[in-house]
Amino acid sequence: MEIKPLQIGELMARVPVIQGGMGVGISLSNLAGSVASCGGVGVISSAQIGFRDPDFFKNPLETNLRVLGNEIRKAKELAKGGIIGVNIMVVTQKYEQYVREAVKAGADLIISGAGLPTMLPELVEGAKTKIAPIVSTVKAASVICKMWDRKYKRVPDLVVIEGPKAGGHLGFHEEELGRYTKEEYEKEILGIFDVVREYARKYGKKIPVVVAGGIFDRADFLHALELGADGVQMGTRFVTTYECDADDAYKQTYLDAKKEDIQIVKSPVGMPGRAICNAFIEERKKAREKIDHCFQCIKTCNPKETPYCITKALIHAAKGDVDHGLLFCGANAYRCQKIEHVSDILDELTGKETSVTMA
């Protein structure tokens, strides 16, 4: 099958694969820079990105913004001219400041989900940074395209469709997750394609669309392209790479996971999430965790009511304290069998066809 590059405006990734943003601390400069240097799109997660910095506990916002800029600059150096994006959740407290800092530091692309990024265009106005909403339904795609068209006279530079098999926070209500068969969700994907193409025609431009959630191997990749996608976004497969920024103990939980270990969990963000069941999750089923410090991470969290501190849980995981951490993953995490290089994954997906059809 002919594999074309992913063209995002004037940006071109010769491999049409976006590495999903994974936080806290799973996709930072090393993973993102490595993916970009191999021809894909590398993505840093901004979520509590300064967690390893000594100033984080006292000044999380200021620390995160400073470290975000540093990580973008390090990633771009590793990328050797490749594309570096940043994933910034809409529910992030001080969302606007994170977006502006990413633009200032030279991010090529901002991908934004966990809510609809209704005001994203004004935050990047005048910059070269491209913007991409994450949507899961036709309704969400219609709302964001219509609002950006009406309010800002512009459309997305890229659209990411994230399906119900994705890792981390999911853009569905819990009862919706079991509703979709593969065939039913593919109808939703085709409906989103139609919405995006309508606005692409209106503006006389190409708006690439990538599919995410459950993309693991070459068969998944090619199937997404056959559906009409311009590329894919993958997160889980990149966790078990040498280049991933997570602790080795975190990676090992993926290698050890069985299919039945992967569960839908409740998150303080207010959305369902997908994670590997461990001692932490079992404890949270029995009792609420006492919250003794707020890290100012998300708008929807009420420390007096939340079942646990998601920042603390994700930091534990990223640092390798896996029994006390929240181990977000995609539905296919149990299929990870070995630690491999980023380049090996991209070569497998494309069949080393990355030099074909550069238009």
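Report on the accompanying structure. (Residues numbered from 1 in each chain as written. Predicted model: local features only at pLDDT ≥ 70, side-chain atom pairs only at ≥ 80, totals over all residues. Heavy atoms only, no water.)

1. Concerning helix α5 (residues 138-152)
- Taking 1.5 Å as the rise per residue, α5 with 15 residues should run 21 Å; its terminal C-alpha atoms sit 21 Å apart, in good agreement.
- A140, A141, I144, C145, W148, D149 and Y152 are the residues of α5 that are buried. Each buried residue of α5 sits inside an arc of 150 degrees when the element is viewed along its axis, so together they form one side. Within α5, the exposed residues directed more than 90 degrees away from the buried face are K139, K146, R150 and K151.
- Among the structural elements, α4 (120-123), β7 (130-135) and α7 (182-203) are those in contact with the buried residues of α5. (Helix = DSSP H or I, 4+ residues; strand = E, 2+ residues; numbered from the N terminus. Expected span 1.5 Å × (residues − 1). Buried < 20%, exposed > 50% of the residue type's maximum accessible area, 1.4 Å probe, protein only. Arc of directions from axis to C-beta. Contact = heavy atoms within 4.5 Å.)

2. Examining the environment of D292
- Inspection of the secondary structure assignment puts D292 in the loop between α11 (279-286) and α12 (310-319).
- Classification of D292 as exposed rests on a relative accessible area of 65%.
- Sequence separation of D292 and G25 is 267 residues, and the distance between their C-alpha atoms is 22 Å.

3. Here we look at the packing of helix α1 (residues 29-37) against helix α2 (residues 60-79)
- One can describe the packing of α1 onto α2 by two numbers: an axis separation of 7 Å at closest approach and a directional angle of 30 degrees. What the angle tells us is that α1 and α2 run roughly parallel. The chirality of how α1 crosses α2 is right-handed. Facing S29, N30, G33, A36 and S37 of α1, the residues of α2 in contact are E71, K74, A75, L78 and A79.
- Of the residues contributing to the contact of α1 with α2, the split by class is four nonpolar, four polar and two charged. (Axes fitted to C-alpha atoms, helices over the stretch in contact; angles between N-to-C directions. Parallel < 35°, antiparallel > 145°, perpendicular 65-115°, else oblique. Left-handed = near helix turned anticlockwise from the far one by under 90°. Nonpolar A, V, L, I, M, F, W, Y, C, P; charged D, E, K, R; others polar.)

4. A closer look at the packing of aromatic side chains
- The tally for this structure, following the rule as stated, stands at two aromatic pairs.
- Both rings, one in Y250 and one in Y254, keep their centres 5.5 Å apart while their planes meet at 35 degrees; by these two values the pair is tilted. Taken together, the residues Y250 and Y254, both in helix α10 (residues 248-256) and four residues apart, mark about one turn of the helix. Here Y250 matches Y254 in class, with each residue buried.
- On the basis of an interplanar angle of 85 degrees and a centroid distance of 5.1 Å, the ring pair of F280 and Y308 is categorised as edge-to-face. Residue F280 is found in helix α11, and its partner Y308 is found in the loop between α11 and α12; the two are separated by 28 residues along the sequence. Summarising the burial analysis for this pair, F280 and Y308 share the class buried. (Phe/Tyr/Trp six-rings, centres within 6.5 Å; stacked < 30°, edge-to-face > 60°.)

5. Some details on the pattern of salt bridges
- By the definition in use, this model includes 15 salt bridges.
- Put simply, K202 and D149 hold a salt bridge, and the shortest N to O gap is 2.6 Å. Placement of the pair is K202 in helix α7 and D149 in helix α5, with a sequence separation of 53 residues.
- The exposure class of K202 is exposed, given its relative accessible area of 57%.
- When its relative accessible area of 11% is taken as the criterion, D149 is described as buried.
- The closest approach of N and O atoms between K251 and D248, which form a salt bridge, is 3.9 Å. Here K251 pairs with D248, and both are found in helix α10, just three residues apart, close to one helical turn.
- By relative accessible area, which is 5% here, K251 ends up buried. (Salt bridge = Lys/Arg side-chain N within 4 Å of Asp/Glu carboxyl O.)

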